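What follows is the residue order along each chain.
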Amino acid sequence: MVRSDVPPTSLIAGIRSEVQRLDSQLPLTHVQTFEEVVGASAASQRLNAILLGGFAGIALLLAAVGIGGVLAISVSRRTQEIGIRLALGAHPGDVIRMVVRQGMVLVASGIAIGLPCAIAAARLVRSLLFETAPDDPLSFASAVLILCAVALVACAAPAFRASRVSPVNALRMD
């Protein structure tokens, strides 16, 4: 091992000649920098982290699409009810709060079911966790907060669509 302040690749020729001068029978092959050695040893962990992060992103996207879809169907089925509410004096903000509340109840029930399952799963994949305990409260709190934020964004489109329902047109529907 050689430590230097200059770029390591510029030292290879000098190191080879010095090793040959000290012992001509000693071969010097496969010269690497410390960064290359560390990078090669951490490659599989890095790949696992990238894959798990990608899967987590896909799961978050699927959750957002699912919540948005369920709320869109619910709003379309309740168009008459929403129209009647608006005709009787409900404010569009009330309708938005009603739809968002419905979506967040779905999210809360999913978190209540999923959080214990996630804690149990984290214990099973303990070997893949780097400097993180399987029951790290900060990690789980962050995941819950991110899911809630994404769910609020997913609830926004159906909620705003519901608040713009025309009471007259809604009452004319069969």
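The structure displayed is predicted, hence computed values, not measured ones.

Procedures and definitions
Residues numbered from 1 in each chain as written. Predicted model: local features only at pLDDT ≥ 70, side-chain atom pairs only at ≥ 80, totals over all residues. Heavy atoms only, no water. Salt bridge = Lys/Arg side-chain N within 4 Å of Asp/Glu carboxyl O. Helix = DSSP H or I, 4+ residues; strand = E, 2+ residues; numbered from the N terminus. Buried < 20%, exposed > 50% of the residue type's maximum accessible area, 1.4 Å probe, protein only. Axes fitted to C-alpha atoms, helices over the stretch in contact; angles between N-to-C directions. Parallel < 35°, antiparallel > 145°, perpendicular 65-115°, else oblique. Contact = heavy atoms within 4.5 Å. Nonpolar A, V, L, I, M, F, W, Y, C, P; charged D, E, K, R; others polar. Polar contact = N/O pair within 3.5 Å; in protein donor to acceptor, adjacent residues only side chain to side chain. Expected span 1.5 Å × (residues − 1). Bend = angle between axes of the 7 residues up to and from the residue.

### Some remarks on the pattern of salt bridges
Should the charged atoms of two oppositely charged side chains come close, the side chains can pair.
Piece 1. Across all of its chains, the model carries 4 salt bridges by this definition.
Piece 2. Between R21 and E18 there is a salt bridge whose closest N-O contact spans 2.4 Å. Separated by 3 residues within a single helix, R21 and E18 lie in helix α1 (residues 12–22), roughly one turn from each other.
Piece 3. Note on R21: relative accessible area 58%, which makes it exposed.
Piece 4. Judged by relative accessible area, which is 35%, E18 ranks as partly exposed.
Piece 5. With its nearest N and O atoms 2.6 Å apart, the salt bridge here joins D94 to R97.

### Quick notes on the packing of helix α2 (residues 34–41) against helix α3 (residues 43–77)
Piece 1. Taken N-terminus to C-terminus, the directions of α2 and α3 make an angle of 50°; their axes are 4 Å apart at the nearest point. With respect to each other, α2 and α3 are oriented oblique. Contact residues: G39, A40 and S41 in α2; A43, Q45 and R46 in α3.
Piece 2. A per-class count over the contact of α2 with α3 returns 2 nonpolar, 3 polar and 1 charged.

### Quick look at the side chain of S163
Piece 1. Mapped onto the fold, S163 is located in helix α6 (residues 137–163).
Piece 2. A distance of 2.8 Å separates a polar atom in the side chain of S163 from the backbone oxygen of F160.
Piece 3. Aside from chain neighbours lying at most four places away, what touches S163 is L86, P92, V95 and I96.

### Description of α6
Piece 1. Over its 27 residues, α6 extends 37 Å from the first C-alpha to the last, a length consistent with the 39 Å expected when each residue adds 1.5 Å.
Piece 2. Of all the bends in α6, the greatest, near 30°, is centred on A156, and the proline P158 appears no more than four residues after it.
Piece 3. Where α6 is concerned, the buried positions are F140, A151, A154, C155, P158, A159, A162 and S163.
Piece 4. In this structure, the buried residues of α6 make contact with α3, α4 (79–87) and α5 (92–124).

### Thoughts on the side chain of S74
Piece 1. Mapped onto the elements, S74 comes out in helix α3.
Piece 2. Owing to a relative accessible area of 13%, S74 belongs among the buried residues under this scheme.
Piece 3. Reaching out from S74, the side chain makes a polar contact with the side chain of Q102 at a distance of 2.8 Å.

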